[in-house]
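# Geometric and topological summary
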Amino acid sequence: MKMQEENKYRQFKRLLENLIKSGIDEYSALKFIEENIDILAKKDDDYDVNNSIYFLLNNQDVYGIVYVDGDTYYWSNLINGFLTKLKTVNEKDEDFLQASDFVVEMIINFANSEKIKQIIPEITTYSVENKLRALKNLGLNENGYHVK
């Protein structure tokens, strides 16, 4: 059990470092982790939260963060230097359009565009997590909204 706790500590320390490296101040980064610990802290021994966090950037500025688990995703926006609490919506919800974030949806749906399908034809069968990973690896659109 002690080894699992040390692993979690190292993961969250690395997450904190990644948030700070991306330009988020230490207080905001710590507050983000604290407010979302129940979502971010998985019980699996081999799970690393850092492998499921994607930064959404507009040019080089952080727009927000997406945390994915298969086809379920949560996002947080950076507003006035602070990351909001992670939120998610179910596509079956009646208020999906009001509750969702246009930029987050646009970036995720970009993976299904004809341009991306020409590069990775099988991308439409990917989970949201694998779509974001593929977009990150392609490194497209670094002068606009993109995944890092």
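See the structure above.
Residues numbered from 1 in each chain as written. Predicted model: local features only at pLDDT ≥ 70, side-chain atom pairs only at ≥ 80, totals over all residues. Heavy atoms only, no water.

In this section: the pairing of strand E3 (residues 72-79). In the sheet, strand E2 (residues 61-69) pairs with E3 via six bridges, with the strands oriented antiparallel. When the sheet's bridge partners are listed, Asp69 is paired in E3 with Thr72. With antiparallel pairing between neighbouring strands as the criterion, E2 and E3 make up a hairpin whose turn holds two residues, including Gly70 at a positive phi of roughly 70 degrees. As paired strands, E3 and strand E4 (residues 82-83) are joined by two bridges and run antiparallel to one another. Bridging across to E4, Ile79 finds its partner in Phe82. (Pairing = 2+ DSSP bridges. Helix = DSSP H or I, 4+ residues; strand = E, 2+ residues; numbered from the N terminus.)

Relative to the assigned elements, Tyr54 resides in strand E1 (residues 53-58). The spatial distance from the C-alpha of Tyr54 to the C-alpha of Arg133 is 8.2 Å, given a sequence separation of 79 residues. Excluding its chain neighbours within four sequence positions, the residues that come into contact with Tyr54 are Gly64, Ile65, Val66, Val68, Glu129, Leu132, Arg133, Lys136, Val147 and Lys148. (Contact = heavy atoms within 4.5 Å.)

With respect to the helices and strands, Asn50 occurs in the loop between helix H3 (37-40) and E1. From its side chain, Asn50 meets the backbone nitrogen of Leu15 in a polar contact 3.3 Å long. Within the structure, Asn50 has its side chain in polar contact with the side chain of Asp48 (distance 3.0 Å). Not counting chain neighbours up to four residues away, the residues in contact with Asn50 comprise Gln11, Arg14, Leu15 and Asn18. (Polar contact = N/O pair within 3.5 Å; in protein donor to acceptor, adjacent residues only side chain to side chain.)

Tallying each qualifying case throughout the model produces four salt bridges. For the salt bridge of Glu114 with Lys117, the shortest nitrogen-to-oxygen distance reads 3.3 Å. Pair noted here: Glu114 and Lys117 are both in helix H6 (residues 114-119), with a separation of three residues, about one helical turn. We classify Glu114 as exposed; its relative accessible area is 53%. Judged by its relative accessible area of 27%, Lys117 is partly exposed. (Salt bridge = Lys/Arg side-chain N within 4 Å of Asp/Glu carboxyl O. Buried < 20%, exposed > 50% of the residue type's maximum accessible area, 1.4 Å probe, protein only.)

Turning to the layout of surface pockets, a few remarks are in order. As a volume, the largest pocket reaches approximately 270 Å³. In terms of lining, the largest pocket is formed by Leu15, Asn18, Lys21, Ser22, Asn50, Ile53, Phe55, Leu57, Gln60, Val62, Lys136 and Lys148. Contributing elements (two or more residues each) for the lining of the largest pocket: helix H1 (2-21) and E1. The residue makeup of the lining of the largest pocket, split by class, is five nonpolar, four polar and three charged. (1 Å grid on protein atoms, 1.4 Å probe; cavity = no way out; pocket = protein on both sides within 12 Å on 5 of 7 lines; lining within 4 Å. Points joined across faces, edges and corners; volume = space filled by probe spheres on them. Nonpolar A, V, L, I, M, F, W, Y, C, P; charged D, E, K, R; others polar.)

Burial of E1 is extensive: five of the six residues sit out of reach of the surface. Joining the antiparallel neighbours E1 and E2 is a turn of two residues, in which Asn59 adopts a positive phi near 60 degrees. As judged from the three bridges shared by E1 and strand E5 (residues 145-147), these two strands associate in the antiparallel manner. Paired with Asn58 across the two strands is Tyr145, which belongs to E5.

All right, on to helix H5 (residues 102-110) then. Buried within H5 are the following residues: Val103, Val104, Glu105, Ile107 and Ile108. The opening residue of H5, the one whose side-chain oxygen lies 3.1 Å from the backbone nitrogen of Val103, is Asp101.

What is shown is where atoms sit, not what they do.
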